[in-house]
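So you can see what is in the structure, the chains are spelled out below.
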Amino acid sequence: LTLSLLQHGAASDRLKGVVSAADMDAPAADVLRALVDTLRHDPDVNVRLAAVQSLDEFREHTATQEGVRQALLDEESPLISVMLIDFLAQERDSTAVAFLERVSRDPEREDGVREAASEAVARMVSGGRL
């Protein structure tokens, strides 16, 4: 049912699918892939925002972390970009630091997104003491 909702035509149904996936204790790999796909490709900003929040429940999965990185590369919404930066900053690993440093120097990004990435790197490097 969750997969069907995520792939449905109406944004309200896709939103229900995202919420349904977040309520799962241990979603199947295809559900996680569908959530990441929703985050990366859904045309509705609210659905993508809900997908970021839902994926937070499953951040320990490698597919989730990689999907969030890929989503940030393609994301045009500054609001969602900042949410994805915050998501990655919570990983506190060297891969996330290097990735966010790259985002902070990307001239194609809006100033606020670059600044958020730079601040996230500073927090990660200092152990969150900023």
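These notes cover the structure that comes with them. The numbering scheme is per chain: residues are counted from 1 as the chain's sequence reads. Totals for whole chains, interfaces and linings use every residue, but because this is a predicted model, local features are given only for residues with pLDDT of at least 70 and side-chain atom pairs only at 80 or more, for both listing and counting. Neither water nor hydrogens contribute to the side-chain values; these are computed over all heavy atoms in the structure.

## Some words on the nonpolar core
Residues belong to one nonpolar core when they are buried, are Ala, Val, Leu, Ile, Met, Phe, Trp, Tyr or Cys, and are joined through side-chain atoms within 4.5 Å. A 1.4 Å probe rolled over the protein chains alone gives each residue an accessible area, and that area as a share of the maximum for its type sets the label: buried under 20%, exposed over 50%, partly exposed in between. Membership of the largest hydrophobic core comes to 34 residues, with the highest contact counts inside it found for Leu39, Leu72, Leu84, Ile85 and Leu100. Within the residue set of this core, elements represented by two or more residues are helix H2 (11-22), helix H3 (29-41), helix H4 (45-55), helix H5 (62-74), helix H6 (78-89), helix H7 (94-104) and helix H8 (111-125). Here, residues are in contact when the closest pair of their heavy atoms is within 4.5 Å. Aside from chain neighbours lying at most four places away, what touches Leu100 is Leu72, Ile85, Leu88, Ala89, Ala117, Ala120, Val121 and Met124. In this description a helix means any DSSP run of H or I spanning at least four residues, a strand means any run of E spanning at least two, and both kinds are numbered starting from the N terminus.

## Section: H4
Most of H4 is tucked away, with eight of its eleven residues classed as buried. Three or more residues of H4 are buried, namely Val47, Arg48, Leu49, Ala50, Ala51, Val52, Ser54 and Leu55. In this fold, the buried residues of H4 make contact with H2, H3, H5 and H6. By the N-cap criterion, in which a side-chain oxygen at the helix start approaches the backbone nitrogen of a residue two or three places on, H4 is capped by Asp44, the distance to Asn46 being 2.9 Å. Whenever two N or O atoms come within 3.5 Å, that pair is a polar contact, provided that in protein one can donate a hydrogen and the other can accept it, and provided that, for residues adjacent in sequence, both atoms are side-chain atoms.

## Concerning the pattern of salt bridges
Close approach of charged atoms allows side chains of opposite charge to pair. Each salt bridge in this description consists of a side-chain nitrogen of Lys or Arg and a carboxyl oxygen of Asp or Glu lying within 4 Å of one another. Under the definition given, this model contains eight salt bridges. Note that Asp42 and Arg14 form a salt bridge whose closest N and O atoms lie 2.4 Å from each other. Taken together, the residues Asp42 in the loop between H3 and H4 and Arg14 in helix H2 connect sequence positions 28 residues apart. Considered together, Asp42 and Arg14 belong to a single accessibility category, that of buried residues. Residues Asp106 and Arg109 are paired through a salt bridge, measuring 3.5 Å at the closest nitrogen-oxygen approach. Judged by its relative accessible area of 22%, Asp106 falls in the partly exposed class.

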